[in-house]
Amino acid sequence: EAGVPAGTSGTRLALSFEVMPPRSAAQQERSGALLELLASYDPDYVAVTSAVGTGWSAGTAAFIEQLAATTRLRPLAHLTCTAAPRRELTEWIERFIDAGVRGFLAVRGDLAAGQSAPPRGHLAHADALVALLRAVERGQVARLCAGRLAIGVAAYPSGHPESRHPEEDIDVLAAKQRNGADFAITQLFFDPALITAVTDRARLAGVTLPIIPGIMPITGTARLQRMCRLSGLTPPPHISQALAAARSPAEEYDIGLDLTADFVDELITAGVPGLHFYTFNDPTTITELLSRLRPATLARLTAD
Ligand code: FAD
């Protein structure tokens, strides 16, 4: 359309939400309302994170199976190399396929302090996990009824902290695609120009898969700092300063969500293929954030 910036009109965008599996009876009870809200936006996937040492193989898997069995949401099960040795991961993948799960996000997993790689017997990197998923899929053709698994991987617009140089991140993304990944979801980042930069570099290297930005709602300084620490990032000064100028936690929340909504609108203008929202299991914040997007953005997220 003449006069309309790229990415502000046109096809529907991919939409996914990321939730953490409930860790207590109270959280389990609250998850119903969260899932109902997310279903109202008709997302492509609800991604379920995985954390080692918090009952991945029991609680998380049960939650994913419950999602698949009792809601019309499509789960995107995060699988990590760190969660279990290769043999055990294979059994979990087969079990998920049996439960109707068709979407997976293959990541290595965060390493514990002092660890430099997943333990012996575990896959070392996410590209190997993508290959394992495709191998299990080939063995399960009958059960998949000619369907196919959708496999996502992680991408890093600000660079992965362990990578020696930015090109390593692109080489790794190429390896993940070669092994069968369908799309990538990014680590959090704050400069909308970075999504265009990483996508352009990926395309030059022959990586064609959609690169979908992961959006962290900014709700206050404490979470921003914690999430940046976990991701090896530094909070950008303009965001830290804007939050610091708030006179109350409510104002800080308001400023943070406005900054996040502006960021999302800029990403849409940059032409991203979809959006992946980290929900922190907080339905109020997701409702607030989505209500602050430009109507044209929201329409493209929810249009048929
Ligand atoms: P890899 O692709 O294995 O990369 C890790 C490092 O190794 C990079 O420096 C890379 O360049 C290098 N590398 C990769 N492949 C090779 C290779 N074949 N040979 C040599 N070097 C290589 N963590 C969790 O624990 N649970 C989750 O649920 C979770 N969900 C996530 C969701 C998203 C969208 C993102 C972006 C991250 C998520 N993470 C999660 C965090 C992730 O596990 C960490 O960022 C981790 O440090 C790297 O994961 P990766 O899949 O990118 O690893």
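First things first, this report covers the structure right here in the doc. (Residues numbered from 1 in each chain as written. Predicted model: local features only at pLDDT ≥ 70, side-chain atom pairs only at ≥ 80, totals over all residues.)

Topic: the sheet that holds strand β6 (residues 183-186)
Piece 1. With respect to topology, nine strands assemble into an open sheet ordered β7-β6-β5-β4-β3-β2-β1-β9-β8, the strand pairing being parallel. For this open sheet the edge positions go to β7 (211-212) and β8 (214-215), each flanked by a neighbour on one side alone.
Piece 2. Bridging between strand β1 (residues 14-19) and strand β9 (residues 274-278) involves five bridges; their strand directions are parallel. Note that in β9 the partner of Ser 16 across the bridge is His 276. (Pairing = 2+ DSSP bridges. Helix = DSSP H or I, 4+ residues; strand = E, 2+ residues; numbered from the N terminus.)

Focus on the site of the ligand
Piece 1. Every one of the 25 residues lining the ligand counts as a neighbour, but Val 107, Arg 108, His 125, Ala 126 and Ala 154 are closest to it.
Piece 2. The set of elements that each furnish at least two residues to the shell around the ligand consists of β3 (75-80), β4 (103-107), α4 (126-139), α6 (166-178) and β6.
Piece 3. Per-element tally for the shell around the ligand: the top contributor is α6, with four residues.
Piece 4. Among the residues making up the shell around the ligand, the classes are represented as eight nonpolar, eleven polar and six charged. (Near = placed C-beta within 6 Å. Nonpolar A, V, L, I, M, F, W, Y, C, P; charged D, E, K, R; others polar.)

Topic: the environment of Arg 300
Piece 1. Mapped onto the elements of the fold, Arg 300 is located in helix α12 (residues 295-302).
Piece 2. Classification of Arg 300 by C-beta neighbours within 10 Å gives buried; the count is 21.
Piece 3. The contact partners of Arg 300, leaving out residues within four places of it in the chain, are Arg 12 and Leu 13. (Buried ≥ 20, exposed ≤ 12 C-beta atoms within 10 Å, placed from the backbone. Contact = placed C-beta atoms within 7 Å.)

Describing the pairing of strand β2 (residues 45-48)
Piece 1. Burial of the side chains of β2 extends over both faces: Tyr 45 and Ala 47 are buried on one face and Val 46 and Val 48 on the other.
Piece 2. Note that β1 and β2 share four bridges and pair parallel. The partner of Val 19 across the bridge, within β2, is Val 48.
Piece 3. In the classification by handedness, the crossover that spans β1, the intervening helix α1 (residues 25-40) and the parallel β2 is right-handed.
Piece 4. Sheet topology note: the β2/β3 ladder contains three bridges and is parallel. Residue pairing for β3: Ala 47 is matched across the bridge by Leu 76. (Right-handed = clockwise from strand over helix to strand, strands pointing away.)

Some words on the packing of α1 against helix α11 (residues 283-291)
Piece 1. Where α1 meets α11, the axes come as close as 9 Å, and the angle between the chain directions of the two elements is 20°. In terms of orientation, α1 lies roughly parallel with respect to α11. In this structure, α1 crosses over α11, and the sense of that crossing is left-handed. Along its contact with α1, which presents Ala 33, Leu 34 and Leu 37, the element α11 presents Pro 283, Ile 286 and Thr 287.
Piece 2. Among the residues forming the contact of α1 with α11, the class breakdown is five nonpolar, one polar and no charged. (Axes fitted to C-alpha atoms, helices over the stretch in contact; angles between N-to-C directions. Parallel < 35°, antiparallel > 145°, perpendicular 65-115°, else oblique. Left-handed = near helix turned anticlockwise from the far one by under 90°.)

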